[in-house]
Amino acid sequence: MAEQHVGQIRKVAIIGAGLMGHGLAQIFAGKGKEVILMDLNEDLLKKGLAGIRSNLSLMAEHGIGKAQEIDGVLSRVRTTTDLGEAAREAQFVVEAVSENLDLKQKIFRDLDALCQPDAVLATNTSVISITEIASKAKGKARIVGTHFWNPPYLIPLVEVIRGNETSNRTMDLTLDLMKAIGKHPVRVNKDVPGFVGNRLQHALWREAISIVERGIADAATVDECIRFGFGLRLPILGPLENADMVGTDLTLAIHSYILQHLESSPAPSPMLKRKVEQGELGFKSGRGFQEWPPEKAQESRKRLLEYLLDVNKRF
Ligand SMILES: NC(=O)c1ccc[n+]([C@@H]2O[C@H](COP(=O)([O-])OP(=O)(O)OC[C@H]3O[C@@H](n4cnc5c(N)ncnc54)[C@H](O)[C@@H]3O)[C@@H](O)[C@H]2O)c1
């Protein structure tokens, strides 16, 4: 039943054309869907379209897709500043507006009233509860989380998150659609803060910051321990397969000794707070955990993008 439905989804609306929204429009249009991209004004929409062109050109330069196909992809992306127009014909909607609960609640209440009754409505929130976002809408069963990762056209994972009232049909259809557009969806059964990916990511960041704060190693060294050490295994071996590989008995022995020594603070690190108060904001101010002159920051961004492009050639 879900398979039959997914084949029928041809029209997709993306609400918000910012960093994530324009990338989402690109993914769906790249897979032949008719996309309508909505934002508050024409300039933002033009910027979104220019972003899609630039992403696709960069990908084509790296052998992913063809330069001759770019105009075809863009021809499938219409734009509007009217939520009603975006909603009217859409069979699947992804909301990617700013991370603000009130705004998202209002958009879902409006989308629920404006969309066709069988359309699925997804939010790309990074951390906000799907259940809370859906709370002002009547049709809560059709509201679901689809957490894409930045840049969404290069990172395969999409966490498909069940809100307290999301129906099985909505979950199955969304998972099938994510597969159909070439993503790697995973099912998240409970609507908890951080879902799965960000809980794991920030558990690691908390310990990384704590190691620097306690003077055990400096920031560059902490990152090196990951990049040149166990980080090399992570793309093919997650921690739970790794625990099975070394044995749950060894994992228990290690945890019995080490867990008591790890950071467990429920609040952000005092050093992190101090840095923000002092304007040490990272790349954007030239200093964070490390010094970031503009060339070094640019080099880091370039290294990441080229790595992701290279990895994508293998998918
Ligand atoms: N940036 C990331 O790395 C990342 C990763 C995963 C998820 N997300 C989530 O995706 C969502 C979007 O993030 P982003 O980084 O693209 O933000 P962004 O600020 O780049 O884009 C948000 C866009 O929403 C538009 N917008 C605001 N109010 C609107 C309205 N009423 N109607 C239509 N458009 C409206 C803004 O004009 C802007 O263009 C957020 O929920 C964010 O938490 C972001």
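This one's a predicted model, so the numbers in the text were calculated from it and none came from an experiment.

(A) Molecular detail of the site of the ligand. Lining the immediate surroundings of the ligand are 22 residues, of which Gly16, Gly18, Met20, Ser126 and Asn150 lie closest. Classifying every residue of the shell around the ligand by side-chain character gives twelve nonpolar, eight polar and two charged.

(B) Representation of the packing of helix H11 (residues 239-246) against helix H12 (residues 248-258) in the model. Viewed as axis vectors pointing N to C, H11 and H12 meet at an angle of 105°, and their least axial separation amounts to 5 Å. The angle between H11 and H12 falls in the class roughly perpendicular. Two secondary-structure elements touch here, H11 through Ala243, Asp244 and Val246 and H12 through Thr248, Leu250 and Thr251.

(C) Local environment of the pairing of strand E3 (residues 77-80). Of the two faces of E3, the one lined by Val77 and Thr79 is fully buried and the one lined by Arg78 and Thr80 carries no buried residue. Alignment of strand E2 (residues 34-38) against E3, held across four bridges, turns out to be parallel. Opposite valine 35, over in E3, you have valine 77 as the bridge partner.

(D) Quick look at the domain arrangement of the protein chain. The domain architecture assigned to the protein chain consists of domain 1 (2-188), domain 2 (197-268) and domain 3 (279-315). The centre of domain 2, based on its C-alpha atoms, is set 22 Å off from the matching centre of domain 3.

(E) A look at the nonpolar core. Ala13, Ile14, Ala90 and Val93 are the most contacted members of the largest nonpolar core, which totals 56 residues. In terms of residue count, the dominant contributor to this core is helix H2 (residues 19-30) (six residues).

(F) Representation of the sheet that holds strand E7 (residues 157-161). Here eight strands make up an open sheet; going across it, the order is E3-E2-E1-E4-E5-E6-E7-E8 and the pairing mixed. Sheet topology places E3 and strand E8 (184-188) at the edges, where each strand pairs with a single neighbour. Adjacent strand axes in the sheet meet at a mean angle of 25°, parallel and antiparallel pairs treated alike. Each of strand E1 (11-15), strand E4 (92-95), strand E5 (120-123) and strand E6 (143-148) is contacted by helix H6 (residues 101-114), which is oriented at about 170° to E5, the strand it contacts most.

(G) The environment of lysine 183, seen in detail. By secondary structure assignment, the location of lysine 183 is in the loop between helix H8 (168-180) and E8. Lysine 183 sits in the buried class, given 21 other C-beta atoms within 10 Å. Not counting chain neighbours up to four residues away, the residues in contact with lysine 183 comprise Pro156, Val158 and Met178.

(H) Region of the structure containing the environment of glutamate 241. Tracing the backbone through its elements, the reader meets glutamate 241 in helix H11. Since 10 C-beta atoms lie within 10 Å of it, glutamate 241 is described here as exposed.

Criteria and cut-off values
Residues numbered from 1 in each chain as written. Predicted model: local features only at pLDDT ≥ 70, side-chain atom pairs only at ≥ 80, totals over all residues. Near = placed C-beta within 6 Å. Nonpolar A, V, L, I, M, F, W, Y, C, P; charged D, E, K, R; others polar. Axes fitted to C-alpha atoms, helices over the stretch in contact; angles between N-to-C directions. Helix = DSSP H or I, 4+ residues; strand = E, 2+ residues; numbered from the N terminus. Parallel < 35°, antiparallel > 145°, perpendicular 65-115°, else oblique. Contact = placed C-beta atoms within 7 Å. Buried ≥ 20, exposed ≤ 12 C-beta atoms within 10 Å, placed from the backbone. Pairing = 2+ DSSP bridges. Domains from an automatic or database assignment. Core = buried A, V, L, I, M, F, W, Y, C linked by C-beta atoms within 7 Å.

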